[in-house]
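Listed below are the residues making up each chain.
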Amino acid sequence: MKNTFVRKFLLMIPTMTIVAPTLCTIASCHKESKNSVDEVIWGNVITLDKNNTLAEGVAIDNGRIVDVGSKSDISKYITKNTEILDYSDQYIYPGFLDCHAHGDQMGLSLCCQAPLRNDMSYTEIIDTMDNWAQEHPTWNVLVGQGWQNQGTEPTYHDLDALSAKYPGKEIYLVSEDIHQIWVNKTALENKGITKEYASQYSEAVIRKFADGEPTGLLCDSEQIKLQSRIEYSPEQMQDSIKAWQHYAFSNGYTGVCEGAMSPQWADQYTALDKKGELKIRSAAVMYLFEDFCETTEDLLNEADKLLKSKEYRNHNFVPIGLKIFIDGVVEAKTALLMEESADIPGYYGLNRYEKFGTTREAQIEAISKVVERANLNDFSVHFHAAGDGAVNMAANAIDRAQQRTKIDDKANTILHCQLVDDQSFQLMKKNKICAGVAPLWCPVSQVYGPLEKEYIGKERQDKCYPMQKFIDNDITIGFHSDLPVTPFCHIPQSIFQACYRFNPTYDTVEECYDSLRNEYGQDISRYEALRAFTSGSAHIMRADDLAGSIEKGKLADFSIFNKNFLDCRLSELMNATVRATIVNGEVVYKQIL
């Protein structure tokens, strides 16, 4: 079946001519006969096309690439009106794309939330929130983000003194990995999280005192549900989006797939887009809250509401799919496993779709109906699946849906894929299912590594994030940051950790490389890593005809760095910097030297 989304994505190009009743194609819009162009960019052009062509210049007109080639090839387009951007001593890449991030939440953390650190004690966290409250005396909702569990889990009692100092104010503290939220008594009461409410949920998602009263610590599905109810003004939301956009551009990203969009945030993205203030290419998957549903029919009704978000599709904001959470995360012992956990006999993790069927088969069937409904409506489905049990459920659900619909071109995607079983590899290959992986998570973390090892054991831990196996099975990989779950994004470090599978905390990385190569062979080449950040992510964002490589007819989106990622020394790779980011032919970020 022909991918109809490409037509919709063309709306992202503001200058494109539309002829009713159908949108024009790249070929018909392209000015083949024009001898001059708006812009020419000089530099070391790494096109990342199928032949990995290298070039010296790019000709651009109306925000799209007219030609790529040598200086003599491109010079023929130059007239007195042509703008010249000279990056001759720099390296020009296709615009880097993040196939899964939470830009709205990252923006909030930059301008609307107190900055917490994972090494802060609970006392330091409370002192930081006290200062934040004093800096924002008119705010009735105080939010901090970035703390980490210090061994003993916090409760609302730890916030009692702060609550007494600022009576009536709700306090929400979001953990570094965005899978826990610690709140005060006022927030619990105002949001109706009572003893009776908590009794409906397991200890895994709502922590409780011995008498059943909620402690003020909520995890995974309940954390997400509560966090979505924190109220921000439209001005705060738009300021957050613009803060995120600047952050992304300054790190070399030209586009992102927003990983769990709500209609409220979609309204603000659309408002900015219509004002011409949203410049980052923003695909989005709309979050399907399974917690609000009791039956498969409820689930499908919720999906139908979100499918209407196609109406939001504008220039740079384009909803492309639905987001489904199947499990949690390994470090919180909520990832869904195929085999029981290493430390809790008979425990397999959190299955968020357990209520939709008494058997695993029934649960997969419920999910497959959502996939079917989405794909028939030109939406893909992105799954949060960390454990191999969750990955397997997602792969089987997509397989069933595609057997019924015969549609295999929607770029259905499984995100995270920390553990993957053999059957899932086969199903992903068969059904053209993509894998979205966070390269910064590939090395064993000093912080989370011990927690992961405790839950899944060393043998399984050593086989996490099997990227080379995806490549060997012809499965498209896209790279993501999952910001702000990962507290930062850094393209050079991401490439480094995908290729060499260790955290470069050493003075001379060349010396430690040989001894730390991943023994299971899941480290990938630099070329493959670059493709995951460009063409792979473009495919997941369903824009591979318009982004992902530097070729004629594609968008004039470029990420410019001072190093050649394909062959520079390891230490140079780690120290590479963004010199400029270009979107639609416009310089949206320029490093000040």
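Thresholds applied
Residues numbered from 1 in each chain as written. Predicted model: local features only at pLDDT ≥ 70, side-chain atom pairs only at ≥ 80, totals over all residues. Heavy atoms only, no water. Pairing = 2+ DSSP bridges. Helix = DSSP H or I, 4+ residues; strand = E, 2+ residues; numbered from the N terminus. Axes fitted to C-alpha atoms, helices over the stretch in contact; angles between N-to-C directions. Contact = heavy atoms within 4.5 Å. Salt bridge = Lys/Arg side-chain N within 4 Å of Asp/Glu carboxyl O. Buried < 20%, exposed > 50% of the residue type's maximum accessible area, 1.4 Å probe, protein only. Lys, Arg positive; Asp, Glu negative; His and termini not counted.

**Focus on the sheet that holds strand β3 (residues 39–46)**
One open sheet holds the seven strands; their spatial order is β5-β4-β3-β6-β21-β22-β23, and the pairing between them is mixed. The outermost strands of the open sheet, each flanked by one partner alone, are β5 (64–69) and β23 (586–590). The mean angle between the axes of side-by-side strands here comes to 35°, regardless of whether they run parallel or antiparallel. For strand β4 (residues 54–61) and β5, the ladder comprises five bridges, and the chain directions are antiparallel.

**Some details on the sheet that holds strand β10 (residues 170–175)**
Spatial ordering of the open sheet is given by β8-β9-β10-β11-β13-β12, a layout of six strands whose pairing is mixed. Looking at which strands have only one partner, the edges of the open sheet turn out to be β8 (114–115) and β12 (206–208). Bridging between β8 and strand β9 (residues 141–147) involves two bridges; their strand directions are parallel. When the bridges of β9 are listed, Pro115 appears paired with Gln145. Lying on the sheet, helix α5 (residues 122–135) is in contact with β8, β9, β10 and β11 (180–183); it crosses β9 at an angle near 145°.

**Here we look at the pattern of salt bridges**
Scanning all chains against the criterion turns up 32 salt bridges. The partner of Arg207 in a salt bridge is Glu153, with the nearest N and O atoms 2.9 Å apart. Here the residue Arg207 occupies a position in strand β12, and Glu153 occupies one in the loop between β9 and α6 (160–165), the gap between them amounting to 54 residues. Note on Arg207: relative accessible area 16%, which makes it buried.

**Details of the side chain of Asp220**
Along the chain, the position of Asp220 falls in helix α9 (residues 220–227). The side chain of Asp220 sits in the buried core without any salt bridge; Arg352 is the nearest counter-charge, 5.4 Å away. Discounting chain neighbours no more than four positions away, the residues touching Asp220 are His179, Gly328, Val329, Thr334, Leu350 and Arg352.

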